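Residues per chain, in single letters:
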Amino acid sequence: MLRMTFWIRRRWFGGALAAAAIGLGAAQAPAAEAVPANQAAPAAQADAGHKPIFAAAGKIRVEVVAGNLSYPWSLKFLPDGSMLVTEKQPPALVRVSKAGEVSPPIKGLPPIFADGNGGLLGLALDPHLADNHLIYLAYSEPGNGTTSGLAVARAQLGEDSLSGFTVIFRQTPKIDDIRNFGGRIAFARDGTLFVGTGDRFRQDLVQDRSNTIGKLIRINTDGSIPGDNPFLGQSGVDPAIFSLGHRNIEGLAIHPSTGRLWEAELGPFGGDELNLPEPTRNYGWPLVSWGRQYEGQAIPRPTTKPYLTDAIFHWTPVISPSGIAFYDGAGIPPWDGNLLIGGLSSTALVRLTLDGERVTSEEKIDMGARIRDVGQGPDGALYLLTDQPDGEILRLTLEEPDEK
Ligand SMILES: [Ca+2]
């Protein structure tokens, strides 16, 4: 059944992509609408969920592990090999067994602002999860009136409920807008937690260091400020800030050998960025950009300035990067050491080959669906989340290497 619906969506999203490419919408293509429920696949296509994709590496097998997830946003593997998945809207946290069975929503989430880009977003597992059962969730928290802001909380994961739910970070100020919450969170090797925020469409606030709009955040897991945070003790600066000048951070990954944080953010009309954040550095938004404002006016050139730090790679037209992950090639050996990026408006899996900290080549692999998160499973396969009202977990492995 799931395989049938996957085939329908592949066709339908292919059409949506073509339409978006003609008009202005490619840079900010709205979340794609649901496929009409009365569409039925021809019986002959019933097995088309296994329809492979053809990449430079060869023929890639695509399996639908689970479906009927409502805009799934983050995927993490628990020690027993099952998965924990956040669903953006309506906000829900669910377990998914290795066999693909989706649990009822885990109880204990707080009130969540679920509109636009908001909802239940990022997920991180404590490095000592097996002992302390702690998980970390990023979500948009309702404020006064129609305002909202990114929040990060930790809680103990029980079988079917969360306990000890504690907010450890709140983005300030809360903003009356439904866009650009950021929302990805990732553990550094030193046990601190990185939080990627967005600009909330308030460019005027991003270069102001007294707030946490458009910033990369670094905190301890109890919400306190690490003693070596770069702005700690500076008056008028929020001490949670690690770096600034970011537009909308939805991709964070720690490099497996260097331990360095890599970050992907959505640009405006053009100018998606891949950055290597360093403490105190200013990544330029909205002073400079490789893109243009949504309204079309240019952002002043040059694209960077001596006191700003430029992206190491950027995309125009945009790919709309969301989750990113380094991959060790266990299930798809030719992708060993590559950085894989989920693309939203591009409906693509974007693969970058690297030479140290330099990007040497790029492959955009059309997945026919918006890709919200990517991650490697304990089985070595690559897993993807599709950003749809009936989103899926896809499992990718190399079926037949390209012999060329
Ligand atoms: Ca930048």
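Residues numbered from 1 in each chain as written. Predicted model: local features only at pLDDT ≥ 70, side-chain atom pairs only at ≥ 80, totals over all residues.

## A closer look at the sheet that holds strand 20 (residues 348-355)
- Taken in spatial order, the 4 strands of this open sheet run 18-19-20-21, and their pairing is antiparallel. Looking along the sheet, the strands with just one partner apiece sit at the ends: strand 18 (321-326) and strand 21 (358-366). In this sheet, adjacent strand axes meet at a mean angle of 20° when their direction is disregarded.
- Both strand 20 and strand 21 contribute to a ladder of 8 bridges, which runs antiparallel. Across the sheet, L349 pairs through a bridge with I365, a residue of strand 21. (Pairing = 2+ DSSP bridges. Helix = DSSP H or I, 4+ residues; strand = E, 2+ residues; numbered from the N terminus. Axes fitted to C-alpha atoms, helices over the stretch in contact; angles between N-to-C directions.)

## Structural notes on the sheet that holds strand 16 (residues 272-275)
- Read from one edge of the open sheet, 4 strands run 14-15-16-17, paired in antiparallel fashion. Two strands in the sheet have a free side with no partner beyond their single neighbour: strand 14 (249-254) and strand 17 (313-315). Recorded for the sheet is a direction-independent mean angle of 15° between the axes of neighbouring strands.
- Taken together, the 3 bridges between strand 16 and strand 17 define a ladder with antiparallel strand orientation. For D272, the partnering residue across the bridge sits in strand 17 and is W315.

## A short note on the confidence of the model for the chain
- On average, residues of the chain score 88 in pLDDT, and 85% of them are at 70 or above.
- Overall, residues 1-48 carries pLDDT values under 50, and its contacts beyond four positions in sequence, including any with other chains, amount to 58 contacts. (pLDDT = per-residue confidence, 0-100. Contact = placed C-beta atoms within 7 Å.)

## With respect to the pairing of strand 24 (residues 391-401)
- In this structure, strand 2 (residues 58-69) lies alongside strand 24, joined through 9 bridges in antiparallel fashion. Within strand 24, the residue paired with K59 across the bridge is E400.
- Looking at chain direction, strand 23 (residues 382-386) and strand 24 are connected through 4 bridges and run antiparallel. Along strand 24, the bridge assignment pairs L384 with L394.
- The antiparallel hairpin formed by strand 23 and strand 24 contains 4 residues in its connecting segment.

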